[in-house]
Amino acid sequence: MAKRTKDHDAPGGRSRTERQKIERPSRAEVEAAFRTILRWTGDDPDREGLLETPARAARAYEEFFKGYREDPAAILRKTFDETAGYDEMVVLRGVRFESHCEHHIVPIIGRAWVAYVPNGRVVGISKLARVVEVYAKRLQIQEKMTAQIADTIQDVLEPQGVAVVIKAQHHCMSTRGVHKHDTDMVTSRMTGVFRDNTATRQEFLALID
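Small disclaimer: the values here were computed from a predicted structure and weren't measured.

Rules used throughout
Residues numbered from 1 in each chain as written. Predicted model: local features only at pLDDT ≥ 70, side-chain atom pairs only at ≥ 80, totals over all residues. Heavy atoms only, no water. UniProt positions renumbered as here; feature names shortened; annotations may be inferred. Helix = DSSP H or I, 4+ residues; strand = E, 2+ residues; numbered from the N terminus. Expected span 1.5 Å × (residues − 1). Buried < 20%, exposed > 50% of the residue type's maximum accessible area, 1.4 Å probe, protein only. Domains from an automatic or database assignment. Contact = heavy atoms within 4.5 Å. Buried area = accessible area lost by both parts, 1.4 Å probe. Polar contact = N/O pair within 3.5 Å; in protein donor to acceptor, adjacent residues only side chain to side chain. Nonpolar A, V, L, I, M, F, W, Y, C, P; charged D, E, K, R; others polar. Axes fitted to C-alpha atoms, helices over the stretch in contact; angles between N-to-C directions. Parallel < 35°, antiparallel > 145°, perpendicular 65-115°, else oblique. Left-handed = near helix turned anticlockwise from the far one by under 90°. Core = buried A, V, L, I, M, F, W, Y, C linked by side-chain atoms within 4.5 Å. Pairing = 2+ DSSP bridges. Salt bridge = Lys/Arg side-chain N within 4 Å of Asp/Glu carboxyl O.

The subject of this paragraph is the UniProt feature "domain: GTP cyclohydrolase I" (unreviewed entry) in the protein. When the UniProt feature table is mapped to this numbering, "domain: GTP cyclohydrolase I" (unreviewed entry) covers residues 31-208. Secondary structure content for residues 31-208 is 40% helix and 25% strand, and the end C-alpha separation is 42 Å.

Take helix H6 (residues 142-157) next. One full turn of an α-helix is made of 3.6 residues, so residues set three or four places apart face in the same direction. Taking 1.5 Å of rise per residue, 16 residues should cover 22 Å, and H6 covers 23 Å from first to last C-alpha, within 8% of that figure. Extensive coverage of H6 is indicated by the burial of twelve of its 16 residues. Just beyond H6, the residue with positive phi is Glu158, at close to 55°.

A few words on the domain arrangement of the protein. Split by domain assignment, the protein resolves into domain 1 (27-66) and domain 2 (73-207). The C-alpha-based centres of domain 1 and domain 2 are spaced at 33 Å. Taken together, the contacts link five residues of domain 1 with six residues of domain 2. Broken down residue by residue, the surface that domain 1 buries against domain 2 is led by Phe64, Phe65 and Lys66, which jointly contribute 83%. Between domain 1 and domain 2 we count zero residue pairs in polar contact (both at pLDDT 80 or more) in total. Tallied by class, residues from the side of domain 1 that touches domain 2 come to three nonpolar, no polar and two charged.

Turning our attention to the packing of helix H5 (residues 125-136) against H6. At a minimum axis distance of 10 Å, the contact between H5 and H6 shows a crossing angle of 140°. One element, H5, and the other, H6, form an angle in the oblique class. Here the hand of the crossing between H5 and H6 comes out right-handed. Residues Leu128, Val131, Val132, Tyr135 and Ala136 of H5 form the contact with H6, whose participating residues are Met145, Gln148, Ile149, Thr152 and Ile153.

Now for the nonpolar core. Counting residues in hydrophobic clusters, the biggest one holds 32 residues, and the most contacted among them are Phe97 and Ile149. Excluding residues within four positions of it along the chain, Phe97 makes contact with Ile108, Ile109, Gly110, Arg111, Ala112, Val132, Ala136, Met145, Ile166 and Ala168. Within the second largest apolar cluster, ten residues are counted, among which are Met89, Val117, Met190 and Ile208.

All right, on to the sheet that holds strand E3 (residues 107-117) then. Adjacent strands of a sheet pair through backbone hydrogen bonds, lying either parallel or antiparallel. Spatial ordering of the open sheet is given by E5-E2-E3-E6-E7, a layout of five strands whose pairing is mixed. Taken across any chain shown, the strands that pair with only one partner, and hence form the sheet edges, are strand E5 (139-140) and strand E7 (185-190). Pairing geometry for strand E6 (residues 161-170) and E7, over six bridges, is antiparallel. By the bridge assignment, Lys167 is partnered in E7 with Val186. Relative to E6, H6 is tilted by about 155°, and along the sheet it contacts strand E2 (90-101), E3, E5, E6 and E7.

Mapped onto the fold, Gln142 is located in helix H6. Side chain to side chain, Gln142 and His170 meet in a polar contact 2.7 Å long.

Between its first and last C-alpha, helix H2 (residues 27-41) extends 21 Å over 15 residues, near the 21 Å set by a 1.5 Å rise per residue. Immediately downstream of H2, the backbone of Gly42 shows phi near 105°, a positive value.

Applying the stated criterion across every chain, the model contains nine salt bridges. Its salt-bridge partner being Lys144, residue Glu102 comes within 3.3 Å of it at the nearest N-O pair. Here the residue Glu102 occupies a position in the loop between E2 and E3, and Lys144 occupies one in helix H6, the gap between them amounting to 42 residues. Classification of Glu102 by relative accessible area gives partly exposed; the value is 34%. Here Arg111 makes a salt bridge to Asp209, at a shortest N to O gap of 3.5 Å. In this pair, Arg111 is assigned in strand E3 and Asp209 in the segment after helix H9 (198-205), connecting sequence segments 98 residues apart. Look at Asp209 and you get exposed, because its relative accessible area is 52%. Shared partners join several salt bridges into a network, and the residues in it are Arg96, Glu98 and Lys137.

So this is what it looks like as structure tokens:
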């Protein structure tokens, strides 16, 4: 059977082959593209209020999408095995994140609940939050982001199971299109004991507010 290629096989969450194919444009090219967009809106990129906007927008996008330059698997590789035999659930609740929809490049604002049951090793809790952040700082759909977080934790830590629930509001449906405000989307991914054991799954779900 062929080995499954994981999203986190290389920094940025893409396969090495995919990374080799993508050539990042220069900062000057990016700023020129934003000037074109400003003209397309009907405004004048040379007026005083917009002169520095292309440079600011380029810097903002660099921050919004910094997750492509980080390897989530590497974040989890430092673990601790002095746990006194702890083998119960570890839960990080309500991790706030800001991401962007890959269809319209508008914000997805939400929170993530991340849990795992150790199998002899634990990881610093800040590392779980950082994994959420890395995947959030990419163009996303919520379903994929949920799966990526859970599968990376499962593959790297090899715990007894992983559970991830994400609740988020999508500006692609609140600020455009159907304009449905105060509506959130909920996605989940369960592996191992969270998928197979109803009591474990319910214990986790009861911690979600």
